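Residues per chain are reported as follows:
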Amino acid sequence: MAKYLLLLWFQIKAAFKSLPKLICATLIFAALVVLVGFCGTKLLTNSKSSDKMDIAVVLPQDGDSYTSLAFSFLSEIETIKNICTFKQMSKESAYEGLRNGTIYAVILVPDDFINHIIDGTNTPANIIFPRSGISTKSMLFRTLVNSGVTDIGAAQAGIYAVDDVCIDYKIKDGVVKSEEFLNEAYFSYALDRSIYFKTNTISATGNLTITKYYICSGIVLLLLLSGISCSDLLKRENNALSTSLKRRRIPVFLLFLFKIIGVTLVFFSLLIFAYLMMVLAQIRFPVIHNVLIYLNFTSFISLFFLIFGVFSLVLFIFQFANSQSLGVLILFTFSTLMLFISGGFIPSSLLPEAVQKIGLFLPTTYFIKLCGGIITNTVTLGTFMINAAFSALFICGAAFSDNLRQNRL
Amino acid sequence: MIQVTNICKNYGKNHILKGASFSAKKGEYIAIVGANGCGKSTLLGILSGSKKSTSGNILYDGKDAMKNQKLFSDYVGYVPQDNPLMDKLSVLDNLRFWYCESARDLNEDLKTGVPARFGLDSYKNYPVEKLSGGMRKRLSIACALAKNPPILILDEPGASLDIICKEDIKYYLKTYIKNGGTVIITSHEESELDFCTRMYLLQNGILTELLDKPVGQKLIERMIAFHG
């Protein structure tokens, strides 16, 4: 037992002896990762898909003030404001905008639009969409308008029906009272726009915000790249040492396990130290409080296993590669590629379906998931177990590769 | 002391060892010579328990080591061609690791034992990666002898070492056999062969004793003759 504990202790000691080198390398990689993360966040938040659609409103030349007022009121309604911008313009400019694609639709408002609504003439407004290349946004706007028109039609039909009933049955003050009541009822229904919209958030980054998503993939990328600076610790041991350990009946997988524990402890301590520094710093700089994520005990444990999982993969690559330099090359290439397929750079839901399917088999997908669980304090047993299974697979794979090599010699 | 009978080793269709047999008593210095790649290291690996033979028997003091693997680590101190050391750790830590199962006291040995004899006490806090090749080899031998084994197996210990280091190791090996230890060594160095008690030539998988213990030009001629 003593030899196992001593071996574990020595692996931890060797890892901590490399601390200055690891800190320097990690800082360099962190700068690289922050840059990638910043670009990714910019790409997602500034994408055209988040722009509002511009709708041209063409008012009659001698239009009444009620119509302008009605449109400015309409454009200020929260749910409309979030989706489209009404731009009052001339008919010619509106058509030009429709042709060159800067305008999604044109609303042609007829003369006396509001008065006609009041007196029941109901001259409809014309909505013109581009002849070709109707986008999702244009269709969304058409749906919005159709549902609005249906509401108005239903309200009008209701009011006129009650008016007719009151007139037919000669109910005194019936028309005034019922119209007051129905106006209030229909307005309260129609103005509550949330009735039309069932909130169903569809995000490329799952239940994480874009920033959190890139923090997760950034942490995983940072850990994977840090494997390069740990190559001295995780590289293949010379055959003589492996042979000697075997003679002392120390299984090689135990050596691998201890090596990973050593490196994991170093990075876990580094991250915990950085976290504690931020906790302390918020006393002096309260603004940190807004960005600091408070982790629970499960998340701390999961963080340890996340680092452990990543370095199991790194060790596997180094044991598989013939030399340290080849290992570095494979690690860099594969970690970048795997992270891309797993949606670490562009969320996987935006990648082709075939790539998404491949991603399901890659450990990096689950590293990102576990990291997401950690920073939102929502680690599930399933994600945890998958990561543990990958770690076991990599350690056994590395031991198997070492055994094969020993038998070939 | 050690009785090796009919050791065979095959890698697929390659027959590396074809029934190697020999024996050695206390205080003997057995040299095994042969061309590069002839299977010397494989034979030493089998004798030290780090490789498995395809067939054959090894007895240490009459006890079958094939049936009890622990005998290998109890009886044999093995110094492979490369140094079995943990580079990131200090000399002292490496020694500690090999001494942890030993009845010997490391602190005592650092004053009077093999580590002290090799001058390792002055380097005890040095990381192994900063040691010279000669000091590493000395440390490897000290580690192999941590459990005070009666047999020391060395695989080309003098390879790429300077003359002073070679002489130092040679001088120690003489002391070791004088104290009743048995040495089995593979080497191409004349200085490591000239005081052997018996010499074997391994060629084409066959181990043959060279009764006249030739060294230098004579040995080369003999090897060419066997090859022819």
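Predicted model, so just to flag it, every value in this text is computed and none were measured.

Attention now moves to the nonpolar core. One finds Phe311 of chain A together with Leu152 of chain B to be the most contacted residues of the largest nonpolar core, which totals 119 residues. Ranked by residues supplied to this core, first place goes to helix α14 (residues 297-320) of chain A with twelve residues. With 30 residues, the next largest nonpolar core counts Leu47, Tyr75, Tyr78 and Ile184 of chain B among its residues.

Turning to the packing of aromatic side chains, a few remarks are in order. As enumerated under the stated definition, the model contains 20 aromatic pairs over all chains in all. Ring centres of Tyr60 of chain B and Phe72 of chain B lie 5.9 Å apart, and the angle between their planes is 85°; this geometry places the pair in the edge-to-face category. Here Phe72 of chain B lies in helix α2 (residues 70-75) and Tyr60 of chain B lies in strand β4 (residues 55-60), a separation of twelve residues in the sequence. For the pair shown, Tyr60 of chain B and Phe72 of chain B are each scored as buried. Ring-pair connections join several aromatic residues into one group, and the members of that group are Phe268, Phe304, Phe305, Phe308 and Phe384 of chain A. One Lys or Arg, Arg284 of chain A, reaches over the ring of Phe285 of chain A and ends 5.3 Å from the middle of that ring.

Attention shifts here to the interface of chain B and chain A. Listed as interface residues are 26 residues of chain B and, on the opposing side, 25 residues of chain A. Approximately 2300 Å² of surface area, both sides summed, lies buried where chain B meets chain A, with 59% of it carried by carbon and sulfur atoms. When the buried area of chain B at its contact with chain A is split by residue, Ser50, Lys88 and Phe97 of chain B rank highest and sum to 28% of it. Applying the counting criterion to the chain B and chain A interface returns two salt bridges. Applying the counting rule to chain B against chain A returns seven residue pairs in polar contact (both at pLDDT 80 or more). Mapped onto the side of chain B that touches chain A, the elements with two or more residues apiece are α2, β6 (76-79) and α3 (91-99) of chain B. With four residues, the top contributor of residues to the side of chain B that touches chain A is α3 of chain B.

This brings us to the sheet that holds strand β3 (residues 105-108) of chain A. Each strand in a sheet pairs with its neighbour through backbone hydrogen bonds, running either in the same direction (parallel) or in the opposite one (antiparallel). Residues and elements named next belong to chain A. Here four strands make up an open sheet; going across it, the order is β2-β1-β3-β4 and the pairing mixed. Two strands in the sheet have a free side with no partner beyond their single neighbour: β2 (84-88) and β4 (126-128). Taken over all neighbouring pairs, the strand axes of this sheet differ in orientation by 25° on average, direction set aside. When strand β1 (residues 53-58) meets β3, the two strands line up parallel, connected through four bridges. Pairing of Ile55 across the sheet is with Ala105, part of β3.

With that out of the way, let us pick up the pairing of β3 of chain A. All names here are of chain A. Burial of the side chains of β3 extends over both faces: Ala105 and Ile107 are buried on one face and Val106 and Leu108 on the other. In the sheet, β3 pairs with β4 via three bridges, with the strands oriented antiparallel. When the bridges of β4 are listed, Ile107 appears paired with Ile127.

Pairing between strand β9 (residues 198-203) of chain B and strand β10 (residues 206-209) of chain B: four bridges, direction antiparallel. Note that in β10 of chain B the partner of Gln203 of chain B across the bridge is Ile206 of chain B.

This next bit is on the packing of helix α9 (residues 210-229) of chain A against helix α15 (residues 324-341) of chain A. The geometry of a pair of packed helices is captured by two quantities: the angle between their axes and the separation between those axes. Residues and elements named next belong to chain A. Two elements in contact, α9 and α15, have axes whose closest approach is 9 Å; the angle formed by their N-to-C orientations is 170°. Considered as vectors, α9 and α15 are oriented roughly antiparallel to each other. Packed against α9, whose contacting residues are Ser217, Val220, Leu221, Leu224, Leu225, Gly227 and Ile228, the element α15 presents Val328, Leu331, Phe332, Ser335 and Leu339 at the interface. Taken together, the residues that form the contact of α9 with α15 break down as nine nonpolar, three polar and no charged.

Cut-offs applied
Residues numbered from 1 in each chain as written. Chains lettered and ligands numbered in written order. Predicted model: local features only at pLDDT ≥ 70, side-chain atom pairs only at ≥ 80, totals over all residues. Heavy atoms only, no water. Core = buried A, V, L, I, M, F, W, Y, C linked by side-chain atoms within 4.5 Å. Buried < 20%, exposed > 50% of the residue type's maximum accessible area, 1.4 Å probe, protein only. Helix = DSSP H or I, 4+ residues; strand = E, 2+ residues; numbered from the N terminus. Phe/Tyr/Trp six-rings, centres within 6.5 Å; stacked < 30°, edge-to-face > 60°. Lys NZ or Arg CZ within 6 Å of the ring centre and 35° of its normal. Contact = heavy atoms within 4.5 Å. Buried area = accessible area lost by both parts, 1.4 Å probe. Salt bridge = Lys/Arg side-chain N within 4 Å of Asp/Glu carboxyl O. Polar contact = N/O pair within 3.5 Å; in protein donor to acceptor, adjacent residues only side chain to side chain. Pairing = 2+ DSSP bridges. Axes fitted to C-alpha atoms, helices over the stretch in contact; angles between N-to-C directions. Parallel < 35°, antiparallel > 145°, perpendicular 65-115°, else oblique. Nonpolar A, V, L, I, M, F, W, Y, C, P; charged D, E, K, R; others polar.

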